[in-house]
Amino acid sequence: MNTEQEVLIEAREVEKRYPNGTLALKGVSLAINRGEVVCIIGPSGSGKSTLLRTLNALESISSGEILMDGISVHAAKTDLNALRTHAGMVFQQFNLFPHMTALENIMLAPVEVLKLPAAQARSRAEALLAKVGLADKAGNRPAQLSGGQQQRVAIARALAMQPRVMLFDEPTSALDPEKVGEVLDVMKDLAAEGMTMVVVTHEMGFARAVADRVLFMDRGELVYQDAPEAFFTSASNERLRAFLGQVAAR
Amino acid sequence: MRPASPWWRLLTVALVLLIGAGMYWATLKVNYQWRWERVPEYLLVTGGEEVPAPFDGTVAVSGKQIRITPLLGGEAQVIPEIDVVQVSDGEIVFAGNTVGKKAGITPGPLLVGLWVTLKISALSLVFALVLGLIAGLGRVAHNPAARDLAAIYVELIRGTPLLVQMFIVYFFLGTVLNLSGFVAGVTSLAVFTGAYVAEIVRAGIEAVPKGQMEAARSLGMSHWQGMRKVVLPQALKRSLPPLAGQGINLIKDSSLVSIMALTDLTKAGREVVSSTFSPFEVWFTVALMYLLLTGALSVYVRKLEKKMAHD
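Note that the structure is a prediction, hence the values are computed from the model and not measured.

So, on to the overall build of chain B. Scanning chain B for helices and strands turns up ten helices and nine strands. Along the first, second and third principal axes, the C-alpha atoms of chain B reach 90 × 60 × 40 Å. When burial is assessed residue by residue, chain B has 38% of its 311 residues classed as buried. In chain B, once contacts between residues fewer than 6 apart in sequence are set aside, the share between residues at least 24 apart is 68%. Put simply, chain B shows about 17,900 Å² of open surface, and 67% of that area lies on carbon and sulfur atoms. Within chain B, the 21 negative side-chain charges are centred at a point lying 15 Å from the centre of the 27 positive side-chain charges.

What follows concerns the nonpolar core. All names here are of chain A. Core analysis: the biggest nonpolar cluster contains 54 residues, and Ile41, Leu129, Ile155, Met166, Phe168, Met187 and Met197 have the highest contact counts within it. In terms of residues, this core owes the most to one element, helix α6 (residues 177–192), which gives seven residues. Excluding residues within four positions of it along the chain, methionine 187 makes contact with Ile155, Phe168, Pro171, Met197, Val199 and Phe206.

Moving on to the interface of chain A and chain B. Frequently, the measure chosen for interface size is the accessible area that the parts lose on association. The partner chain B presents 18 residues to the 24 residues of chain A that form the contact. In this assembly, chain A packs against chain B so that about 1,700 Å² is buried in total across both faces, 57% of it on carbon and sulfur atoms. Joining chain A to chain B, the criterion identifies three salt bridges. Residue A:Arg53 pairs with B:Glu214 through a salt bridge whose shortest N-O separation is 2.5 Å.

The next point concerns the sheet that holds strand β5 (residues 71–72) of chain A. As summarised here, the arrangement of the four strands in space is β2-β1-β4-β5 (chain A), forming an open sheet in which the pairing is antiparallel. The strands lining the two open edges of the sheet, one partner per strand, are β2 (23–33) and β5 of chain A.

Bringing the packing of aromatic side chains into the picture now. The full count for this structure, using the stated rule, is ten aromatic pairs over all chains. Summarising the aromatic geometry, the rings of B:Tyr32 and B:Trp34 are spaced 5.1 Å apart at their centres and angled 75 degrees between planes, so their arrangement reads as edge-to-face. An aromatic cluster is defined as three or more aromatic residues linked by ring pairs; in this entry it consists of B:Tyr32, B:Trp34, B:Trp36 and B:Phe280. The positively charged end of A:Arg157 is found above the aromatic ring belonging to A:Phe97, 4.5 Å away from the centroid.

Residue and element names in this part refer to chain B. The three strands are arranged β2-β8-β6 in an open sheet whose pairing can be described as antiparallel. Of all the strands in the sheet, just β2 (49–52) and β6 (84–85) have a single pairing partner and so form its edges. Pairing of β6 with strand β8 (residues 98–102), which is carried by two bridges, proceeds in the antiparallel orientation. From the neighbouring strand, valine 84 faces β8, where its bridge partner is lysine 101.

Here we come to the UniProt feature "transmembrane region" (unreviewed entry) in chain B. Per the UniProt entry, the sites bearing "transmembrane region" (unreviewed entry) are residues 7–26, 120–141, 162–184 and 282–301 of chain B in this numbering. Counting secondary structure, residues 282–301 of chain B comes out at 100% helix and 0% strand; the distance between its end C-alpha atoms is 29 Å.

What follows deals with the domain arrangement of chain B. As far as domains go, chain B holds domain 1 (46–106) and domain 2 (109–310). The straight-line distance from the C-alpha centre of domain 1 of chain B to that of domain 2 of chain B is 46 Å.

A few words now on the UniProt feature "domain: ABC transporter" (unreviewed entry) in chain A. The feature "domain: ABC transporter" (unreviewed entry), as annotated in UniProt, sits at residues 9–244 of chain A in this numbering. Between the end C-alpha atoms of residues 9–244 of chain A there is a gap of 27 Å, over a span that is 37% helix and 25% strand.

Residues and elements named next belong to chain B. Turning to its location among the elements, aspartate 89 is positioned in the loop between β6 and β7 (92–93). Of the residues examined, aspartate 89 reaches a relative accessible area of 54% and is grouped as exposed. Considering only alpha carbons, one finds aspartate 89 and serine 255, 166 residues apart in sequence, at a separation of 47 Å. Residues within four places of aspartate 89 in sequence aside, it is in contact with Val59, Ala60 and Val61. Within the structure, aspartate 89 has its side chain in polar contact with the backbone nitrogen of valine 61 (distance 2.6 Å).

Throughout the structure, instances matching the rule amount to 22 salt bridges over all chains. Taking the shortest distance from any N to any O, the salt bridge between A:Glu6 and A:Arg34 comes out at 3.2 Å. Placement of the pair is A:Glu6 in the segment before β1 (7–17) and A:Arg34 in the loop between β2 and β3 (37–41), with a sequence separation of 28 residues. With a closest N to O distance of 3.6 Å, A:Glu112 and B:Lys229 form a salt bridge.

All names here are of chain A. By the element assignment, arginine 17 lies in strand β1. Residues arginine 17 and aspartate 185, 168 residues apart in the sequence, show an inter-C-alpha distance of 36 Å. Not counting residues within four places of it along the chain, the set of residues in contact with arginine 17 comprises Thr22, Leu23 and Ser62.

All names here are of chain B. Together, Ile19, Met23, Val30, Trp36, Phe280 and Phe284 line one region of the surface with nonpolar side chains, adding up to about 610 Å² of accessible area. Looking at the nonpolar patch, the elements that each hand over two or more residues are α1 (7–29) and α10 (279–310). Assignment of secondary structure puts phenylalanine 280 in helix α10.

Within a regular beta strand, the side chains point alternately toward one face of the sheet and then the other, so they alternate between its two faces. Residues and elements named next belong to chain A. Counted residue by residue, β3 has five buried out of five residues, so it is predominantly covered. Along β3, one buried face is formed by Val37, Cys39 and Ile41 and the opposite face, lined by Val38 and Ile40, is buried too. In this structure, β3 lies alongside strand β8 (residues 196–200), joined through four bridges in parallel fashion. Counted as the bridge partner of valine 38 is valine 198 from β8. As judged from the four bridges shared by β3 and strand β9 (residues 213–218), these two strands associate in the parallel manner. Opposite cysteine 39, over in β9, you have valine 214 as the bridge partner.

The rules behind each value
Residues numbered from 1 in each chain as written. Chains lettered and ligands numbered in written order. Predicted model: local features only at pLDDT ≥ 70, side-chain atom pairs only at ≥ 80, totals over all residues. Heavy atoms only, no water. Helix = DSSP H or I, 4+ residues; strand = E, 2+ residues; numbered from the N terminus. Buried < 20%, exposed > 50% of the residue type's maximum accessible area, 1.4 Å probe, protein only. Contact = heavy atoms within 4.5 Å. Areas by Shrake-Rupley, 256 points an atom, 1.4 Å probe, with all protein chains shown as cover. Lys, Arg positive; Asp, Glu negative; His and termini not counted. Charge placed at Lys NZ, Arg CZ, Asp CG, Glu CD. Core = buried A, V, L, I, M, F, W, Y, C linked by side-chain atoms within 4.5 Å. Buried area = accessible area lost by both parts, 1.4 Å probe. Salt bridge = Lys/Arg side-chain N within 4 Å of Asp/Glu carboxyl O. Pairing = 2+ DSSP bridges. Phe/Tyr/Trp six-rings, centres within 6.5 Å; stacked < 30°, edge-to-face > 60°. Lys NZ or Arg CZ within 6 Å of the ring centre and 35° of its normal. UniProt positions renumbered as here; feature names shortened; annotations may be inferred. Domains from an automatic or database assignment. Polar contact = N/O pair within 3.5 Å; in protein donor to acceptor, adjacent residues only side chain to side chain. Patch = residues over 30% accessible without salt bridge, like charges linked within 9 Å, V, L, I, M, F, W, Y side chains within 5 Å.

Okay, structure coming up:
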């Protein structure tokens, strides 16, 4: 099988219904290839974050199936803890552990989950901090870091598990405008290294420059998907054009 | 903010003095005889410990040593190191008679009571924290049985008076399981306080943002790993001030164990009152002694809080 075409994540007719009856995902199907960078855009409440969170089962699904490396993510017998070590996740609010230093944040899961010796976890964490440009912040608590720095530590924390795919849930939405660039730069480097990435974002420039494919979601449906050039310039879909028009008008 | 005028402090002092004077005036109205000088001897006994005779017998004195030969026959007993011998050679004493005193200062009934109160409170607090942590984790558990059991425990304990619980533990459980007053006291205080600690722990866990557990789970950690390494350390830090308040309540509630034939500080106070007929002085002293314990605890916790804030 050609590695370019190897499917890493596949979603089949995924539905998500909340207990109050609202349908957050209405039969979404998609396939993400190994090494591919996929951006998901759409208005708030369109289900794009919900979809992302079903990929590592932080969110349950009502029907359908999600396969990661051929393993059914939502099957009862699946070892979720083992599966999640392969899918790094970066959150909008960073969710760093405030009682630990940047270095300890990154070391925790390798030591606790992978049972790595502390020295090895430490050198891995130090290398990752250097990679995201924060080698000098190893001993700082999250409260002593700017939003952009915190998010870069959070990316390093997810990378420490050496995941096969990175899931980004609006990673720059909580940042001051001048801090967005430093986080996007780290993500660009990651994409250039061939990391498989699924990115829920409002950063159209990033999607256009980095993504291999852009998905548009609206009201729980996957409405449209295409390569970025075609997606942003010549898409004929009504709803997508209306959305892009609104974003451009801001 | 503009610094407040020092006159407010003066006003506080004046008002406190006024209230004190009012109380003094009130005692004059009831014609109360203040005898503060009688209190210290119940704190520390300076006269030395009295040595009683173990049985009826004839005394033989040699220096600081007394030898008692039983009247009814049998082994003679030697009592060494009596500092003030109060019997003479050849005298006949009866069981319980004072034959002499040992020198030195010994703790009086109030200090002994304070020690008992301290022991009961410290032991109960340790058990209450363990019990409360377990029940608090039960309250937020996914398992319905754990959740329901913890909820029943908390509601049952918070819904009934401590005094009634103590009667049940002492008279019912105590009789069935043959518990001593001390064990019954520690048990009822720990179970009672544990319910409140559980609610404090639950509130502390729920105050930690949901994203913390999500981040831990997304890294492949189990629920328990996330709880232990990520959520609980943050939750307990937040819980420290209310836990300190609960610890202070525990010390004060421990005064109720005096119903269990247990001579704690309150029971000791009651006994001293009945022998001195100076209730005002004794109860003021007892209150002050409780205040020392609770004050020490709150100073300690405040220090701990400061230390944790720096970490």
